[in-house]
Amino acid sequence: MAFREINGKMVEATVAPGQRLFSQRGAMLAYKGEVSFTPNMAGGQGGIMSMIGRRVANEDTPLMSVEGSGTVLFGHGGHHVQVIRLTGDTLYVEADRLLAFEGTLQQGTMFLGSQGGVMGMVRGQVSGQGLFTTTLQGHGAVAVMAHGGVIEIPISPQRPVHVDPQAYVAHHGDVRNKLSTALGWRDMVGRGSGEAFQLELSGSGAVYVQASEEKL
């Protein structure tokens, strides 16, 4: 596994010949060995379509491709870092929460409306996270960022999970998302989250929730 958690705000990545990591620009804190960092304009393992998707979503900052032989410390802005290990399923995560991920994972871009219908699109507007979500699929590890720590909450068919949209970090598994509300539309005017809006996730998988609603 490429990532080792050093503390709550840093991870150490092992870089080996013939393997590749991708990281957010500015995420490298220090490194040892013969390691190179180059902008990756092709959109990671997702190729040109992933790049186009990110540009449509106003996420056109290129990833950094990390190669060579050595170790790298990653962190960004003092945010909490959580390592998520994928074993063939798909992780859905906002692009600005990605710190680094293994090159074995296939990157893509999903329009939220395709998973949550009209309510999925509303969620993007309400949370301020945009209408697009980055997907990472396959076998490998991902380091994501959050505020104030992260908790993983299992999702089962018998027990859906309701999350404040601004506390949402990522989810994986066979999961559907739907925005619901405990208030009437008139009562929600001027309210962005909390009691007014709830993101309902149902199916089988897990959701990662941050302790603070502060945006990255």
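Residues numbered from 1 in each chain as written. Predicted model: local features only at pLDDT ≥ 70, side-chain atom pairs only at ≥ 80, totals over all residues. Heavy atoms only, no water.

- An unreviewed UniProt entry annotates the chain as AIM24 family protein of Streptomyces indiaensis.

## Some points on the overall build of the chain
Reasoning step 1: Looking only at helices and strands, one finds 2 helices and 13 strands in the chain.
Reasoning step 2: For the chain, the proportion of its 216 residues judged to be buried stands at 50%.
Reasoning step 3: Considering only contacts within the chain whose residues lie at least 6 apart along the sequence, 80% involve residues at least 24 apart.
Reasoning step 4: Surface summary for the chain: the accessible area is close to 10000 Å², and the carbon and sulfur share equals 52%. (Helix = DSSP H or I, 4+ residues; strand = E, 2+ residues; numbered from the N terminus. Buried < 20%, exposed > 50% of the residue type's maximum accessible area, 1.4 Å probe, protein only. Contact = heavy atoms within 4.5 Å. Areas by Shrake-Rupley, 256 points an atom, 1.4 Å probe, with all protein chains shown as cover.)

## Looking at the pattern of salt bridges
Reasoning step 1: Overall, the coordinates contain 1 salt bridge when judged by the stated rule.
Reasoning step 2: The residue glutamate 12 makes a salt bridge to arginine 4 at a minimum N-O spacing of 3.0 Å.
Reasoning step 3: Residue class for glutamate 12 comes out buried when judged on its relative accessible area of 18%. (Salt bridge = Lys/Arg side-chain N within 4 Å of Asp/Glu carboxyl O.)

## As for the side chain of serine 65
Reasoning step 1: Here serine 65 lies in strand S5 (residues 63-74).
Reasoning step 2: Setting aside its immediate chain neighbours within four residues, serine 65 contacts Arg20, Leu21, Phe22, Ser36, Phe37, Thr38 and Asn40.

## Quick look at the environment of threonine 134
Reasoning step 1: Following the sequence through the fold, threonine 134 ends up in strand S9 (residues 132-146).
Reasoning step 2: Judged by relative accessible area, which is 1%, threonine 134 ranks as buried.
Reasoning step 3: Sequence spacing of threonine 134 and leucine 98 is 36 residues, and the spatial spacing of their C-alpha atoms is 9.0 Å.

## Observations regarding the pairing of S5
Reasoning step 1: Here 5 bridges tie strand S2 (residues 10-15) to S5, and the two strands are oriented antiparallel to one another. Considered in S5, the bridge of alanine 13 is made with valine 72.
Reasoning step 2: Pairing between strand S3 (residues 21-23) and S5: 3 bridges, direction antiparallel. Within S5, the position partnered with leucine 21 by the bridge is valine 66. (Pairing = 2+ DSSP bridges.)

## A look at the confidence of the model for the chain
Reasoning step 1: Across the chain, the average pLDDT comes to 79, with 69% of residues at 70 or higher.
Reasoning step 2: When mean pLDDT is compared element by element in the chain, S2 scores highest at 95, while helix H1 (residues 47-56) scores lowest at 45.
Reasoning step 3: Long-range and interchain partners of residues 47-59, a stretch whose pLDDT sits below 50, account for 26 contacts in this model, where long-range means more than four residues apart.
Reasoning step 4: Of the regions scoring below 50 in pLDDT, residues 117-123 engages in 15 contacts with residues more than four places distant in sequence or in other chains. (pLDDT = per-residue confidence, 0-100.)

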